[in-house]
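# Results of the structural survey
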Amino acid sequence: MSADDASDDPAESSPADSPHILSEESALDEGEATDDRAGETFHAFWADVVADEIVAREPDEPVVIKGGVSPSGVAHLGNFNEIMRGYFVAEALRDRGHEVRQVFTSDDRDPLRKVPRKLANADGEVVGLGEVDAGVLGRNLGVPYTSIPDPFGESESYAAHFAGLLKADADRLNVPVEMLSNTELYADGDFDEAVRTVLADADCVREVLSEYQDKVDDEYVPFNPVCEACGKVTETVTTVDLDAETVDYVCTDMDAGGNTIEGCGHEGSATFREGKLPWRLEWPAQWDVLGVDFEPFGKDHAEGSWPSGVDIARNVFGEEPPVPMVYEWFTLDGEAFSSSEGNVVTVQELLGLLEPKVLRYFFALHPKKARDLSIERLDQLVDRFDRFERAYFGEVDDPDLTAFAERAYPFVVGRPDDPPTERPVRLPYTFAAVLGMVDDPDFRERLARDEGHIPDDADADAVDAALARVEQARNWAERTGNEYDYRLQPDLPEIEFDDDIAAGLDDLADFVAAGHDGEAIQAEMYETARAHDIEVSDFFAAGYRLFFDDTQGPRLGEFLGELERDYVVDRLRREA
RNA sequence: GGGCCGGUAGCUCAGUUAGGGAGAGCGUCCGGCUUUUAACCGGACGGUCGGGGGUUCGAAUCCCUCCCGGCCCGCCA
């Protein structure tokens, strides 16, 4: 047991290797290092704390930031954590003058272990198996994702389809990330040295790995060839030929989370490029091959593959592991992301509901907090972004928020070198939802101006930008069916009113026809109701029925005041 | 059971780096906008900072302990 010479329990990594670098006082905060401490400055933005750690190691340029994921059915928001967290660190480093390369591996030589219940199509929409060629999945259990046809029949493989989704979403968020296919790295020989190192010193690998995994015994060979006969990833290597760089194998059954994927029994030979390393080795091998300096990962890795990866990196590959960073997982409307349960949302879906800046802002919040993304309360997130933005422009009396905004806002809006000098015009999200009840763009602008949300001197571009939120807020209202989900009815709803209300509506029509503004119309509704001895609520309900075919709605008078007068008059008279 | 990370107002979250006034927005309630109708404005209500103990002149913040939640401690990734 050479691995545990230094410590009593090899599984117990030293505190300095903790991946929770944002939770601890400081990995440097030991002993008397007061001079070092004095050199540290407070950072309002977590990405700078991480950047400090990276810079302290004096990495070669370009600094390499990695993320990675095994393909699954849906590229949901949670999968974006690594890309976005890495991005903000990359930007913080670039801002300090470093060259940064951000890569993201699609770990696509991994075998498909079970058929996903939901898939995302090229448009980011989540669909069930019934809408795809599910058979192609069922027939390819155990086969690397890159060798499985795209169930949508569009991309060259299932892996390519999935990687395409991630890349498209990264583009939408304007994050320059280089997608790397693990299969290609193997096929091109990038992993040759790593595989050789692992197989050449298999005893050492077993020794290190056995501290973390029970299945590692004297027979264990840390390489999984792809069977040349059936195409499945296999586990049983019989001999290793280091000179020829080949292994012999038997295609045996594989256990996949309780299910058995049957091997074909074929006995064959594979090169180092025709298989893969097990994850616990593959991850540190990626660090080595790609020269990774920083990698964020989910908390599921924090106590599992990270400690073993550190050990493997040092004792097998002879390298230092990258700066780690654990992030907490998101929930969606209070529940864990689950594509099988249908509790997923894709970046593309979200961008139909809010601006990319707002989504980027969400990822700029502190990673150690388990955050809930609530679609129902998406207005809260947008409001928080607006406040964050106002804080950047010095309009919020909150020193902490202001300090965070001053550093993070330029990154969030993607303009660290050229931050905006004027605060954009923003419509409150729920107000935008109100405007979304009517299609007419002129109506939207008039009402927004009347309510004081658009300054008189705003230029046309600023107005257009502000009004762009209306479509998103309307999509939100429709998706959630919430209290803003009303639509102005272009045609007269079928409805009967009693005589009093009918007379009141006629009077109100005359009042509108005479030309009054929204405020006056609102007031007149009360007057009219009283004059006809109608309950005010009944009269409003009649109005909502006429215009929205509903019993409730927005403040009606102001609303009617902005609409086409003839339309309002005709509708009140139940004529059109 | 063990380890790690979280727990601050009804909700969403700042504040914990470096101990000193418990905060914001939303919601709720009340009021204002001549006028009950979800947009605007003002005010109020609202917290044992998960519980307990300790250190300290002083603790959301540091230490110990317990409770709750998530993750890991099989395999896989």
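Read on for an overview of the structure. This is a predicted model, so every value here is computed, not measured. Per chain, residue numbering runs from 1 following the sequence as it is written. Each chain takes a letter, starting from A, and each ligand takes a number, starting from 1, following the order in which they are written. A pLDDT threshold of at least 70 governs which residues receive local features in this predicted model, and a stricter bar of 80 or more applies before side-chain atom pairs are shown or counted, although totals over entire chains, interfaces and linings include all residues. Excluded from the side-chain calculation are hydrogens and water; included are all heavy atoms of the structure.

## Some words on the overall build of chain A
- A run of DSSP states H or I qualifies as a helix once it reaches four residues; a run of E qualifies as a strand once it reaches two. Both are numbered from the N-terminal end. Along its length, chain A carries 23 helices and 17 strands.
- In terms of principal-axis extent, the alpha carbons of chain A reach across some 100 × 65 × 40 Å.
- We call two residues in contact when some of their heavy atoms are within 4.5 Å. Contacts in chain A between residues far apart in sequence, at least 24 positions, make up 71% of those at least 6 positions apart.
- Using the Shrake-Rupley algorithm and a 1.4 Å probe, accessible areas are obtained, with residue cover drawn only from the displayed protein chains. Of the accessible surface of chain A, which amounts to about 25900 Å², a share of 42% is contributed by carbon and sulfur atoms.

## Regarding the nonpolar core
- Only buried residues count toward a nonpolar core, which is a set of Ala, Val, Leu, Ile, Met, Phe, Trp, Tyr and Cys residues joined through side-chain atoms within 4.5 Å. Each residue's exposure class comes from its accessible area (1.4 Å probe, protein chains only) as a fraction of the maximum for that residue type: buried when under 20%, exposed when over 50%, partly exposed otherwise. Grouped together as the largest cluster of nonpolar side chains are 123 residues, with contacts concentrated most on L77, F88, L373 and F388.
- Of all the elements, helix α3 (residues 80-95) adds the most residues to this core, at nine residues.

## Here's the deal with the protein's contact with RNA strand B
- Here a residue is near a molecule or strand as soon as one of its heavy atoms is found within 4 Å of it. Of all residues adjacent to RNA strand B, which total 51 residues, the nearest are F42, R371, Y526, S537 and Y544.
- If you look at RNA strand B and keep only atoms within 4 Å of the protein, 66% of those are sugar or phosphate atoms.
- D300 places a main-chain nitrogen or oxygen 3.4 Å from a sugar or linking oxygen of RNA strand B.
- A distance of 3.3 Å separates a sugar or linking oxygen of RNA strand B from a polar atom in the side chain of R377. Two N or O atoms form a polar contact when they lie within 3.5 Å of each other; inside protein one atom must be a possible hydrogen donor and the other a possible acceptor, and for residues adjacent in sequence the pair counts only when both atoms belong to side chains.

## So, a negative patch on the surface
- To count toward a patch, a residue needs a relative accessible area over 30% and no salt bridge; like charges are then connected within 9 Å, while nonpolar side chains (Val, Leu, Ile, Met, Phe, Trp, Tyr) are connected within 5 Å. Salt bridges are counted wherever a side-chain nitrogen of Lys or Arg sits within 4 Å of a carboxyl oxygen of Asp or Glu. Think of it this way: Lys and Arg go in the positive column, Asp and Glu in the negative one, and His and the chain ends go nowhere. Here the site of a charge means NZ on Lys, CZ on Arg, CG on Asp, or CD on Glu. Residues E422, D456, D457, D459, D461 and D464 make up a contiguous surface patch of negative charge.
- In this fold, D457 is placed in the loop between α17 (441-450) and α18 (460-480).

## Considering the sheet that holds strand β8 (residues 246-250)
- What the three strands build is an open sheet, ordered β7-β8-β11; its pairing is antiparallel. At either margin of the open sheet sits one strand with a lone partner, and together these are β7 (236-241) and β11 (267-271). Neighbour-to-neighbour, the strand axes of the sheet open up by a mean angle of 25°, direction not taken into account.
- In this description, strands pair whenever DSSP reports at least two bridges between them. Bridging between β8 and β11 involves five bridges; their strand directions are antiparallel. Within β11, the position partnered with D248 by the bridge is S269. In this analysis an axis means a line fitted to C-alpha atoms, helices contributing only their contacting stretch, and an angle means the value between N-to-C directions, from 0 to 180 degrees.

## A short note on unusual backbone geometry
- At the junction of E61 and P62, the peptide bond is cis and its omega measures out at -5° in the coordinates.
- Note on placement: P62 falls in the loop between α2 (46-56) and β1 (63-69).
- One non-glycine residue with positive phi stands out, namely E245, at about 55°.
- Structurally, E245 is set in the loop between β7 and β8.
- In this model, D533 sits at a positive phi of 60°, which is unusual for a non-glycine residue.

## Considering the pattern of salt bridges
- For the coordinates displayed, the defined rule picks out 39 salt bridges.
- Of the charged contacts in the structure, one is a salt bridge between K299 and E328, with a shortest N-O distance of 3.2 Å. With K299 in helix α10 (residues 299-302) and E328 in the loop between β14 (323-327) and β15 (331-332), this pair connects stretches of sequence that are 29 residues apart.
- Residue classification places K299 among the partly exposed residues on the basis of a relative accessible area of 37%.
- A salt bridge links E355 to R469, with the shortest nitrogen-to-oxygen separation between them at 3.0 Å. Here R469 lies in helix α18 and E355 lies in the loop between α12 (347-350) and α13 (356-364), a separation of 114 residues in the sequence. Like R469, E355 is buried.

## Some words on the environment of L492
- Looking at the secondary structure, you find L492 in the loop between α18 and α19 (499-513).
- Overall, L492 belongs to the partly exposed group, its relative accessible area being 32%.
- Taking the C-alpha atoms as reference points, L492 and R545, separated by 53 residues in sequence, lie 9.4 Å from one another.
- Sequence-distant contacts of L492, that is, excluding residues within four places in its chain, are made with L546, R571, R574, E575 and A576.

## Let's talk about α17
- F443, R444, L447 and A448 are the residues of α17 that are buried. For α17, the buried positions fall inside an angular range of 125° around the axis, keeping them on one side. Summarising the geometry of α17, the exposed residues directed more than 90 degrees from the buried face are P441 and D450.
- The inward-facing, buried residues of α17 contact α16 (429-435), α18 and α22 (556-562).
- With a side-chain oxygen positioned 3.1 Å from the backbone nitrogen of D442, the residue opening α17 is D440.
- Just past α17, the residue G452 takes up positive phi, approximately 85°. Directions are taken from the helix axis to each C-beta atom, and the arc is the one they span.

## Re the sheet that holds strand β16 (residues 335-336)
- The sheet built from three strands is open, its strands ordered β16-β15-β17 with mixed pairing. Pairing within the sheet leaves two strands with one partner each, and these edge strands are β16 and β17 (372-373).
- Note: β15 against β17, two bridges, orientation parallel. Following the sheet pairing, T331 is matched in β17 by D372.

## Some thoughts on the packing of aromatic side chains
- Here a pair means two rings of Phe, Tyr or Trp (six-membered ring of Trp) with centres within 6.5 Å. Their orientation is stacked below 30 degrees between planes, edge-to-face above 60, and tilted elsewhere. Applying the stated criterion to the full structure yields 35 aromatic pairs.
- Between the aromatic rings of Y361 and F388, the centroid separation amounts to 4.8 Å while the plane-to-plane angle is 40°, which identifies the pairing as tilted. With Y361 in helix α13 and F388 in helix α14 (residues 378-392), this residue pair connects regions lying 27 residues apart in the sequence. The burial state of Y361 is the same as that of F388; both residues are buried.
- What links up through ring pairs into an aromatic cluster is the set F45, W46, Y87, F88, Y361, F385, F388, Y392, F393, F404, Y409 and F411.
- Think of it as a cone above the ring: NZ of Lys or CZ of Arg counts as a charge over the ring if it is within 6 Å of the ring centre and within 35 degrees of the ring normal. When the ring centre of W329 is taken as reference, the NZ or CZ atom of K299 above it lies at 5.8 Å.

## Points about the pairing of strand β13 (residues 294-298)
- For β13, the buried fraction is high: five of the five residues fall into the buried class.
- Along β13, one buried face is formed by F294, P296 and G298 and the opposite face, lined by E295 and F297, is buried too.

## Digging into the side chain of E91
- You can see E91 is positioned in helix α3.
- By relative accessible area, E91 is classed as buried at 10%.
- Among residues more than four places away in sequence, those in contact with E91 are F411 and P416.

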